[in-house]
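An overview of the molecular structure
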Amino acid sequence: MLKMLGEYLILLVEIFKRPDKGPVFRRRLLIEFVGLGIDSMGIVAIISIFTGAIVAIQTAYNIDSPLIPLSTVGFTTRQMMILEFSPTIISLILAGKVGSRIASEIGTMRVTEQIDALRVMGVNPANYLILPKITASMLFNPVLIVFSMGLGLCGGWLACIVTGLVTSTDFIMGLRSWFEPFTVTYAIIKTLVFAFIISSVSGYLGYSIKGGSVEVGEASTKAVVYSSILIIFFDLVLTQLLLT
Amino acid sequence: MIEVKNISKAFGDNQVLKNVSTIFEKGKTNLIIGQSGSGKTVMMKSCIGLIDPDEGEILFDQRPFSRLAEKKKKDIRKDMGVLFQGGALFDSFNVEQNVMFPLNMFTTMSLSEKLDRVNFVLKRVNLENVNKLYPSEISGGMMKRVAIARAISNNPQYLFCDEPNSGLDPKTAEVIDALISEITEEYDMITVINTHDMNSVLQIGQRINFLYKGQLWWKGDMHTILEEENPELQEFVFSTELTRRIKK
């Protein structure tokens, strides 16, 4: 484990060197925005809408006491989406989708000697391949998370309207009650840390492969497992640091 | 010229290269031959800087490559072209983008200049109208030719080819050998080829280095190799039915 941590830190030093050529880096960054960010919008949208709807319905279902106002449904949906669901659960889903993609893409390049080809050409492969992925993830994941928050709230609102459990007025009143802007800042800080974890850990696992196709598959699985565990761990650490 | 001076390399207890010294000459096809496990690949990887030898040094035109820091190796690397065994073409790039890659990274050429150069080298390796195809859409022989085009696109002084004929039919292999030989002469490069293909040895072996159990066992050329009495070399040269029949 210590050896792995050491290798990961050494790789980070290589990754964060100045790119060989600015225009090439920018072009790769745009490609990664599409591959890692825009291509993930569909799954983020679907999951966010449905989860927002489910949270709203479950909250409404659990409110038995007439003393609890129905606007609590909107309030709870907002808090759940902003504080935990959008930054953490969506990051876990991205660890599966984006993390496995990064590890298998870079791992395949390793076993087919494409990384060696970059190195003998005088290109820093870690910087060329992984830095655009980390940058794209850290710039685009906060956009995805804000997008998820918005869609989740819309999903909750739609569910309340369609089922008739809560009126639109009550739901919106709940959404607007006791809003603390720092919760959004907290969610974005978490997202940035999680985006770094997903892209750098998956990049490391793909980059350090030795072997063939079996090892590419293993690295892809490990990327999801390790990223998920680290996300949960840092979720706890950041929550403790930022909210208490 | 490239001078390999007393290089040794071990992986754990396995001594793969033992005090190997040789010279690769300019304008010639310099072959490294030997059986699997003889240390050919480690020697080639040491030459191109993918493996650091434990002892000895490699000099590129008097420039000590193996002892340089990674950052300083870059100047020599820019003069290198490498053809990997599987081609190592970038999957996400088409043929044109693959060949243009070294030009994008290391030159200040305009796009039209780069395109002219790409089309020129592709024509040189007898490939035309394939610019927009991806590696998965072309044959093994075409892949090798694209890889050669990429290797020579930036006018290298040194060309390294690792098993250029592996996985190719004999006719295509001969075409690739002839192409490498022609390019070497035309560009006056130092070409180093790692092979165990006897057809290549006899077709383009202007300088041959035979490795046996990690040691440089014999040096010669395609004209002398068949007459050599060295038993280990004979065993390698006449290891196939075809060469045994020729010997008779």
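Keep in mind it's a predicted model, so treat the numbers as computed, not measured. (Residues numbered from 1 in each chain as written. Chains lettered and ligands numbered in written order. Predicted model: local features only at pLDDT ≥ 70, side-chain atom pairs only at ≥ 80, totals over all residues.)

1. Regarding the overall build of chain A
- Helix and strand counts for chain A come out as nine helices and zero strands.
- Starting at the N terminus and ending at the C terminus, chain A contains elements arranged as α-α-α-α-α-α-α-α-α.
- Each of the three principal axes of chain A carries a C-alpha extent, and together these read 70 × 35 × 35 Å.
- In chain A, buried positions account for 43% of the 244 residues.
- For chain A, contacts bridging at least 24 residues in sequence account for 88% of all contacts bridging at least 6. (Helix = DSSP H or I, 4+ residues; strand = E, 2+ residues; numbered from the N terminus. Buried ≥ 20, exposed ≤ 12 C-beta atoms within 10 Å, placed from the backbone. Contact = placed C-beta atoms within 7 Å.)

2. Thoughts on the overall build of chain B
- Regarding its fold elements, chain B presents nine helices and 10 strands.
- For 248 residues, the compact-globule estimate of 2.2 N^0.38 gives 18 Å, and the C-alpha radius of gyration of chain B, at 18 Å, lies within 12% of that figure.
- In terms of overall dimensions, chain B has a C-alpha envelope of 55 × 45 × 30 Å along the principal axes. (Rg over C-alpha atoms; globule rule 2.2 N^0.38 Å.)

3. Describing the interface of chain B and chain A
- Contacts between the two partners involve 15 residues from chain B and, on the opposite side, 13 residues from chain A.
- Contributing elements (two or more residues each) for the side of chain B that touches chain A: helix 2 (70-77), strand 6 (80-83) and helix 3 (95-106) of chain B.
- Of all the elements, helix 3 of chain B adds the most residues to the side of chain B that touches chain A, at three residues.
- The residue inventory of the side of chain B that touches chain A, partitioned by class, reads nine nonpolar, three polar and three charged. (Nonpolar A, V, L, I, M, F, W, Y, C, P; charged D, E, K, R; others polar.)

4. Brief notes about the packing of helix 4 (residues 71-111) of chain A against helix 6 (residues 125-163) of chain A
- For the pair helix 4 of chain A and helix 6 of chain A, the least separation of the axes is 8 Å and the interaxial angle reads 145°. Here helix 4 of chain A runs over helix 6 of chain A; the crossing is right-handed. (Axes fitted to C-alpha atoms, helices over the stretch in contact; angles between N-to-C directions. Left-handed = near helix turned anticlockwise from the far one by under 90°.)

5. Quick look at the sheet that holds strand 7 (residues 158-162) of chain B
Residue and element names in this part refer to chain B.
- Within the open sheet, the six strands sit side by side as 6-7-8-3-9-10. Their pairing is mixed. In this open sheet, the two edge strands, each paired with only one partner strand, are strand 6 and strand 10 (215-220). When the angles between neighbouring strand axes are averaged without regard to direction, this sheet yields 20°.
- The pairing of strand 3 (residues 29-33) with strand 8 (residues 190-195) spans five bridges and is parallel. What sits directly across from I32, in strand 8, is N194.
- In the packing of helix 5 (residues 140-152) onto the sheet, contacts are made with strand 6 and strand 7, and the angle to strand 6 comes to roughly 170°. (Pairing = 2+ DSSP bridges.)

6. Regarding the nonpolar core
Residue and element names in this part refer to chain B.
- Counting residues in each nonpolar core, the largest one holds 125 residues, and the members touching the most others are C47, V82, A147, A149 and F160.
- Looking at which domains feed residues into this core, each of domain 1 (2-79 + 158-247) and domain 2 (89-155) supplies at least three.
- With sequence-adjacent residues up to four places away left out, A149 is seen in contact with V99, V121, L122, V125 and L127. (Core = buried A, V, L, I, M, F, W, Y, C linked by C-beta atoms within 7 Å. Domains from an automatic or database assignment.)

7. Observations regarding helix 3 of chain B
- Here helix 3 of chain B has its buried residues at V95(B), N98(B), V99(B), M100(B), F101(B), P102(B) and L103(B).
- Buried positions along helix 3 of chain B lie against helix 4 (111-124) and helix 5 of chain B.

8. Thoughts on the domain arrangement of chain B
All names here are of chain B.
- Its domain assignment divides chain B into domain 1 (2-79 + 158-247) and domain 2 (89-155).
- Computed from C-alpha atoms alone, the centre-to-centre distance between domain 1 and domain 2 is 25 Å.
- The interface of domain 1 with domain 2 comprises 11 residues on the first partner and eight residues on the second.
- If one sorts the elements of the side of domain 1 that touches domain 2 by residue count, helix 6 (residues 170-187) sits on top with six residues.
- Tallied by class, residues from the side of domain 1 that touches domain 2 come to eight nonpolar, two polar and one charged.

9. Structural notes on the pairing of strand 10 of chain B
Residue and element names in this part refer to chain B.
- Note: strand 9 (residues 207-212) against strand 10, five bridges, orientation antiparallel. Note on strand 10: the bridge partner recorded for Y212 is Q215.
- Between strand 9 and the antiparallel strand that follows it, strand 10, lie two residues; K213 among them carries a positive phi value of about 45°.

10. Section: the confidence of the model for chain B
Residue and element names in this part refer to chain B.
- The pLDDT averaged across chain B works out to 88; a share of 99% of its residues lies at or above 70.
- Taking the mean pLDDT of every element in chain B, the minimum, 74, falls on helix 9 (residues 241-247) and the maximum, 93, on strand 3.
- Note on the complex model: pTM 0.86, ipTM 0.84. (pLDDT = per-residue confidence, 0-100.)

11. Description of the packing of helix 3 of chain B against helix 5 of chain B
All names here are of chain B.
- Relative to each other, helix 3 and helix 5 sit at 30°, their axes nearing to 7 Å. With respect to each other, helix 3 and helix 5 are oriented roughly parallel. Crossing handedness for the pair helix 3 and helix 5: right-handed. Contact residues: V95, N98, V99, F101 and P102 in helix 3; V146, A149 and R150 in helix 5.
- For the contact of helix 3 with helix 5, the residue count by class is six nonpolar, one polar and one charged. (Parallel < 35°, antiparallel > 145°, perpendicular 65-115°, else oblique.)

12. Remarks on the environment of A69(B)
- With respect to the helices, strands and loops of the structure, A69(B) is situated in the loop between strand 5 (63-64) and helix 2.
- With 118 residues separating them along the chain, A69(B) and Y187(B) place their C-alpha atoms 29 Å apart.

13. A short note on the sheet that holds strand 4 (residues 55-60) of chain B
Residues and elements named next belong to chain B.
- Read from one edge of the open sheet, four strands run 2-1-4-5, paired in antiparallel fashion. Of all strands in the sheet, those bounded by a partner on one side alone are strand 2 (14-24) and strand 5.
- Relative to strand 2, strand 1 (residues 2-11) runs antiparallel, the two being bridged by seven bridges. The residue bridging F11 from the neighbouring strand is N14, located in strand 2.

14. Remarks on the pairing of strand 4 of chain B
Residue and element names in this part refer to chain B.
- Bridge analysis of strand 1 against strand 4 gives five bridges, and the strand direction is antiparallel. Residue pairing for strand 4: V4 is matched across the bridge by I58.
- Relative to strand 5, strand 4 runs antiparallel, the two sharing two bridges. Across the sheet, the residue bridging to L59 is P64, located in strand 5.
- Connecting strand 4 to the antiparallel partner strand 5 that follows it, the hairpin turn spans two residues, and D61 within it adopts a positive phi of roughly 45°.

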